[in-house]
Amino acid sequence: MNIRNLLLLAVTSLLLFSCGTTGDEVTYMRNIDQIPAAALATVTSQAGDFTIKPGDMLQINVSSTNADAVRPFNKIQYVPTLGTSGSALTTMGDHSTVFYLVDDNGNIDFPVLGKLHISGMTKKSLEDYVASLIYPRYLTEKPGIECRIQNFRVFCIGDFNRPGVINAENGRLNIVEAIAMSGDLTLQGRRDNIMLIRTDANGQRQVKRINMNDANFMTMPEFELQQNDILYVEPNKYKKRSIWSLPPVYSAGVSVLGTAISLITFITVLAKK
């Protein structure tokens, strides 16, 4: 094999080695038409029902047709403000909501009801629980309870176009929404092996792998994200190859070897003339 053929073989091998991502690898939900509608509906009904954990900051409002009756159950801080009435200063009462911080033991201090252990409860189960403690013991009608989480955030790292922290003001977020808000995955990001790291109410970390090429991920419980979830997208094999390099000690050896091969080739060509 002459030098020209060797060079051609080397260039061809390099092109094959560094070829880009295939179309199938960047396609989401390839089998979406095969997912039963009932399976998708089950997951949709669970949207927004987050699990409460230590460190969460909650807003819990108690409402009723009788506002005076439920006022003691709402954690309100009255803030003095100054106003004018003619030429005299008057003090008026404004108010702002004070949030509940779930402590390390999973408890909150609730007005009238005292200390409540709520870690591990879902949003809906907490609302039902608080309502059962108030009615009928304190009220003649069942109150409305609304719970919102104020520090719902998800961390997106790795091969996103815009990695970072996503704050969900409405207290709910699914994996598709998180990816869209992060500018989608790069073309070099693996869609078949996204890592979801989640800390449960007991402080235990769990790792789940998600394949977004397969639409069945939409029926997984992990489709609806929880507060403080971490999404990590690793680079695919083509990107890993493109950033691969030899350690300096080996690079020097390869350089010397390349020089020696070039010199031998040069001498061989001269000898044939």
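Look up: the structure comes first, before these words.
Below is a summary of the structure that appears in this document. (Residues numbered from 1 in each chain as written. Predicted model: local features only at pLDDT ≥ 70, side-chain atom pairs only at ≥ 80, totals over all residues. Heavy atoms only, no water.)

**Considerations on the overall build of the chain**
Turning to step 1, where the next piece is worked out: Check the secondary structure of the chain and you find 7 helices and 12 strands.
Turning to step 2, where the next piece is worked out: Across the 273 residues that make up the chain, the buried fraction comes to 31%.
Turning to step 3, where the next piece is worked out: For the chain, the proportion of contacts with a sequence separation of at least 24, taken over those separated by at least 6, is 62%.
Turning to step 4, where the next piece is worked out: Carbon together with sulfur atoms contributes 57% to the accessible area of the chain, which is approximately 17100 Å² in total. (Helix = DSSP H or I, 4+ residues; strand = E, 2+ residues; numbered from the N terminus. Buried < 20%, exposed > 50% of the residue type's maximum accessible area, 1.4 Å probe, protein only. Contact = heavy atoms within 4.5 Å. Areas by Shrake-Rupley, 256 points an atom, 1.4 Å probe, with all protein chains shown as cover.)

**Concerning the layout of surface pockets**
Think of a ball as big as a water molecule: rolled over the atoms, this probe shows where empty space is left.
Turning to step 1, where the next piece is worked out: Estimates place the volume of the largest pocket at around 160 Å³.
Turning to step 2, where the next piece is worked out: Lining the largest pocket we find Lys53, Pro54, Asp56, Arg153, Phe155, Thr199, Asp200, Ala201, Asn202, Gly203, Gln227 and Asn228.
Turning to step 3, where the next piece is worked out: Looking at the lining of the largest pocket, its residues break down into 3 nonpolar, 5 polar and 4 charged. (1 Å grid on protein atoms, 1.4 Å probe; cavity = no way out; pocket = protein on both sides within 12 Å on 5 of 7 lines; lining within 4 Å. Points joined across faces, edges and corners; volume = space filled by probe spheres on them. Nonpolar A, V, L, I, M, F, W, Y, C, P; charged D, E, K, R; others polar.)

**Considerations on the sheet that holds strand 8 (residues 153-158)**
Turning to step 1, where the next piece is worked out: Sheet architecture is open: 5 strands sit in the order 9-8-12-10-11, paired in mixed fashion. Lying at the two open borders of the sheet, with one neighbouring strand each, are strand 9 (164-167) and strand 11 (205-210). Within the sheet, the average angular offset between the axes of one strand and its neighbour, ignoring direction, is 20°.
Turning to step 2, where the next piece is worked out: By the bridge criterion, 3 bridges tie strand 10 (residues 194-199) to strand 12 (residues 230-233) in an arrangement that is antiparallel. The partner of Leu196 across the bridge, within strand 12, is Leu231. (Pairing = 2+ DSSP bridges. Axes fitted to C-alpha atoms, helices over the stretch in contact; angles between N-to-C directions.)

**With respect to the packing of aromatic side chains**
Turning to step 1, where the next piece is worked out: A full pass over the atoms with the stated rule returns 3 aromatic pairs.
Turning to step 2, where the next piece is worked out: Between Tyr100 and Phe110, the aromatic rings sit 5.3 Å apart at their centres with planes inclined by 5°, giving stacked as the arrangement. A residue pair is termed long-range when its members are at least 10 positions apart, and Tyr100 in strand 4 (residues 100-101) and Phe110 in strand 5 (residues 107-110) qualify at 10 residues. (Phe/Tyr/Trp six-rings, centres within 6.5 Å; stacked < 30°, edge-to-face > 60°.)

**Focus on the sheet that holds strand 4**
Turning to step 1, where the next piece is worked out: Strand order in the open sheet made by the 3 strands is 4-1-7, with antiparallel pairing throughout. Of all the strands in the sheet, the pair left with one neighbour each is strand 4 and strand 7 (144-149).
Turning to step 2, where the next piece is worked out: Where strand 1 (residues 57-63) and strand 4 come together, 2 bridges link them in antiparallel fashion. Considered in strand 4, the bridge of Leu58 is made with Tyr100.

**Section: the nonpolar core**
Turning to step 1, where the next piece is worked out: The biggest cluster of nonpolar side chains holds 45 residues, and the ones touching the most others in it are Leu58, Ile60, Phe110, Ile118, Leu126, Ile175 and Leu231.
Turning to step 2, where the next piece is worked out: Residues in contact with Ile60, not counting those within four places in the same chain, are Asn74, Tyr100, Ile108, Phe110, Leu126, Ile145, Glu146 and Cys147. (Core = buried A, V, L, I, M, F, W, Y, C linked by side-chain atoms within 4.5 Å.)

**Considerations on a nonpolar patch on the surface**
Turning to step 1, where the next piece is worked out: Residues Met57, Phe99 and Leu101 make up a contiguous nonpolar surface patch of about 250 Å² in total accessible area.
Turning to step 2, where the next piece is worked out: For Met57, the position within the fold is in strand 1. (Patch = residues over 30% accessible without salt bridge, like charges linked within 9 Å, V, L, I, M, F, W, Y side chains within 5 Å. Salt bridge = Lys/Arg side-chain N within 4 Å of Asp/Glu carboxyl O.)

**Quick look at the environment of Ile108**
Turning to step 1, where the next piece is worked out: Among the structural elements, Ile108 can be located in strand 5.
Turning to step 2, where the next piece is worked out: Its relative accessible area of 3% is what places Ile108 among the buried residues.
Turning to step 3, where the next piece is worked out: Separated by 10 residues in the primary sequence, Ile108 and Ile118 have C-alpha atoms spaced 7.4 Å apart.
Turning to step 4, where the next piece is worked out: In contact with Ile108, other than residues within four places in its own chain, are Ile60, Tyr100, Leu101, Val102, Gly114, Lys115, Leu116 and Ile118.

**Some remarks on helix 4 (residues 123-134)**
Turning to step 1, where the next piece is worked out: A rise of 1.5 Å per residue sets the reference length of helix 4, with its 12 residues, at 16 Å; its end C-alpha atoms lie 17 Å apart and thus fit the reference within 8%.
Turning to step 2, where the next piece is worked out: For helix 4, the elements touching its buried residues are strand 1, strand 5, strand 6 (114-117) and strand 7. (Expected span 1.5 Å × (residues − 1).)

**Topic: unusual backbone geometry**
Across residues other than glycine, the phi torsion is negative in most instances, and most of the peptide bonds are trans.
Turning to step 1, where the next piece is worked out: Of the consecutive residues Tyr135 and Pro136, the connecting peptide bond is found in the cis state with omega at 5°.
Turning to step 2, where the next piece is worked out: Tracing the backbone through its elements, the reader meets Pro136 in the loop between helix 4 and strand 7.
Turning to step 3, where the next piece is worked out: A positive phi angle, near 50°, is found at Met29, a position not held by glycine.
Turning to step 4, where the next piece is worked out: The topology assignment puts Met29 in the loop between helix 1 (3-17) and helix 2 (37-44).

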